[in-house]
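This is what each chain is made of:
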Amino acid sequence: MLTIGQLAAYAGVTVRAVRHYHQIGLLPEPERDASGYRRYGATAAVSLIKIRTLADAGVPLSQISRLLEADASAFAEAIRTIDNHLRAEIERLETSRRHIAQLTAGDSLALPPEVASYLDRLRSMGASERIVEAERDGWILVAARWPERIVEWMPGKVAELDDPKVARLYRVLSEIFDDDVEDDPRLAEAADIMACLAEQAYAAGEVIVGEEADDDLPHDLLDALAVESDPRVERLRELMRERGWSGWNRMERLAEPPA
C-alpha cells in the first residue's frame, strides 16, 4: 500500500497532480484508513501511469477518462481524432511563430521584401526614420488592398528615387517633420517640389487607372494616415491647392487654381 507521495513518485508525477486528478474525478480517491491516511494499491498506480502517459502525449484531461474506459477500437478512433486536433493546433502554432518572427523583422512586417528594399533605399538617401516609418505604414495599407500589384509597382517607385527632385523632396520633408516648427517655411519648398512632380507626372500621362483609381477607400486611408502622422500635412495640402493640385496620395489637377 502506498502513500500519496509514494504513488506520485512511482508514477512520475507530483503530489499536486494526483490531488488534481482526484478533484476532477479522473483518479478515485481512497478512504482514509484507521490511522487517518489514504493508502493506494497497485490498481491506482496502474491507472495513474496510464493517466500520466496520455497527458504527456497531449491528450486533454477531459478526454482521458473516456479513453481509459474505451475498448481497443474506440480507443484507436479517439486517438486518431485527438491526433487530428493536435495536427491542426500545431499548424496554428507554426503560423503564429511565423507571425511572431515577422514582428522582429522590422520593415518586413506585413510587407513583401520589395517594399523593405525600397525603404532601405530611402534610408540610404538620407530620409529620416520618421519619414521611412510613414512610408512603411502607407505601403502596409497598399499591400493589404492590392497585394498582387506590389511587385509590379515597385520597380517604378525605385526608379523615381533617381530623380533629384524626389531625393530633394524626401530630404526637405525629413527636415520639416524632424523639427517641431508649426508653420515651417520649408513647407512651401516641399509644396513647390510636389507640384512640379505632379505636373511632370501629368504631362507624362502617369495617372492612376483601372480598379485602383475607382477604389476610394485605400486612397482615403492613405490621405488620413498622412494627416494623422503629422498635422502639418494639412498645411502642406493647402499649399498644394494654391498651386493647383488637390489630394495627397492621389493628386488631381484642379479645374482652376484658387485665386
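Residues numbered from 1 in each chain as written. Predicted model: local features only at pLDDT ≥ 70, side-chain atom pairs only at ≥ 80, totals over all residues. Heavy atoms only, no water.

Engineer: Describe the packing of helix H9 (residues 164-178) against helix H10 (residues 186-203), listing the residues and the values that go with them.
Structural biologist: Axis separation between H9 and H10 bottoms out at 10 Å; the angle between their running directions is 150°. As the angle between them shows, H9 and H10 are arranged roughly antiparallel. Classified by chirality, the crossing of H10 by H9 is left-handed. For the pair H9 and H10, contact is made by Lys165, Val166, Arg168, Leu169, Val172, Leu173, Glu175 and Ile176 and by Arg186, Leu187, Glu189, Ala190, Ile193, Met194, Cys196, Leu197 and Gln200, respectively. (Axes fitted to C-alpha atoms, helices over the stretch in contact; angles between N-to-C directions. Helix = DSSP H or I, 4+ residues; strand = E, 2+ residues; numbered from the N terminus. Parallel < 35°, antiparallel > 145°, perpendicular 65-115°, else oblique. Left-handed = near helix turned anticlockwise from the far one by under 90°. Contact = heavy atoms within 4.5 Å.)

Engineer: How would you summarise the packing of helix H1 (residues 4-11) against helix H3 (residues 42-56) if you had to cite specific residues and measurements?
Structural biologist: How two helices pack is summed up by the angle between their axes together with the distance between the axes. Direction vectors running N to C along H1 and H3 enclose 45°, while the axes themselves pass 9 Å from each other. Classified by the angle between their axes, H1 and H3 sit oblique to one another. Our pair here, H1 against H3, has a crossing hand that is right-handed. Of the residues in H3, those in contact with Leu7, Ala8, Tyr10 and Ala11 of H1 are Ala44, Ala45, Leu48, Ile49 and Arg52. The class makeup of the residues in the contact of H1 with H3 is eight nonpolar, no polar and one charged. (Nonpolar A, V, L, I, M, F, W, Y, C, P; charged D, E, K, R; others polar.)

Engineer: Residue-level account of the environment of isoleucine 51, with values.
Structural biologist: Mapped onto the elements of the fold, isoleucine 51 is located in helix H3. Residues isoleucine 51 and cysteine 196 lie 145 residues apart in sequence; the distance between their C-alpha atoms is 75 Å. The contact partners of isoleucine 51, leaving out residues within four places of it in the chain, are Tyr21, Leu26, Leu27, Ile64 and Leu68.

Engineer: Any chance you could break down the packing of aromatic side chains for me, citing the residues and the numbers?
Structural biologist: Aromatic ring pairs: the centre-centre distance and the angle between the two ring planes describe each pair. One pass over the structure, following the stated rule, counts three aromatic pairs. Above the ring of tyrosine 202, the side-chain terminus of arginine 253 is found at 4.2 Å from the ring centroid. (Phe/Tyr/Trp six-rings, centres within 6.5 Å; stacked < 30°, edge-to-face > 60°. Lys NZ or Arg CZ within 6 Å of the ring centre and 35° of its normal.)

Engineer: Account for the nonpolar core, naming residues and giving values.
Structural biologist: Membership of the largest hydrophobic core comes to 39 residues, with the highest contact counts inside it found for Tyr118, Leu122, Trp139 and Tyr170. Every element with two or more residues in this core is listed here: helix H6 (113-124), helix H7 (129-145), helix H8 (150-160), H9, H10, helix H12 (216-229) and helix H13 (232-242). Non-local contacts of tyrosine 170, meaning those with residues more than four positions away in its chain, are made with Tyr118, Leu122, Met125, Ile131, Glu135 and Leu161. Leu7, Val13, Ile51 and Leu54 belong to the second-largest nonpolar core, a separate cluster that totals 21 residues. (Core = buried A, V, L, I, M, F, W, Y, C linked by side-chain atoms within 4.5 Å. Buried < 20%, exposed > 50% of the residue type's maximum accessible area, 1.4 Å probe, protein only.)

Function cannot be read off these values alone, since they describe shape.
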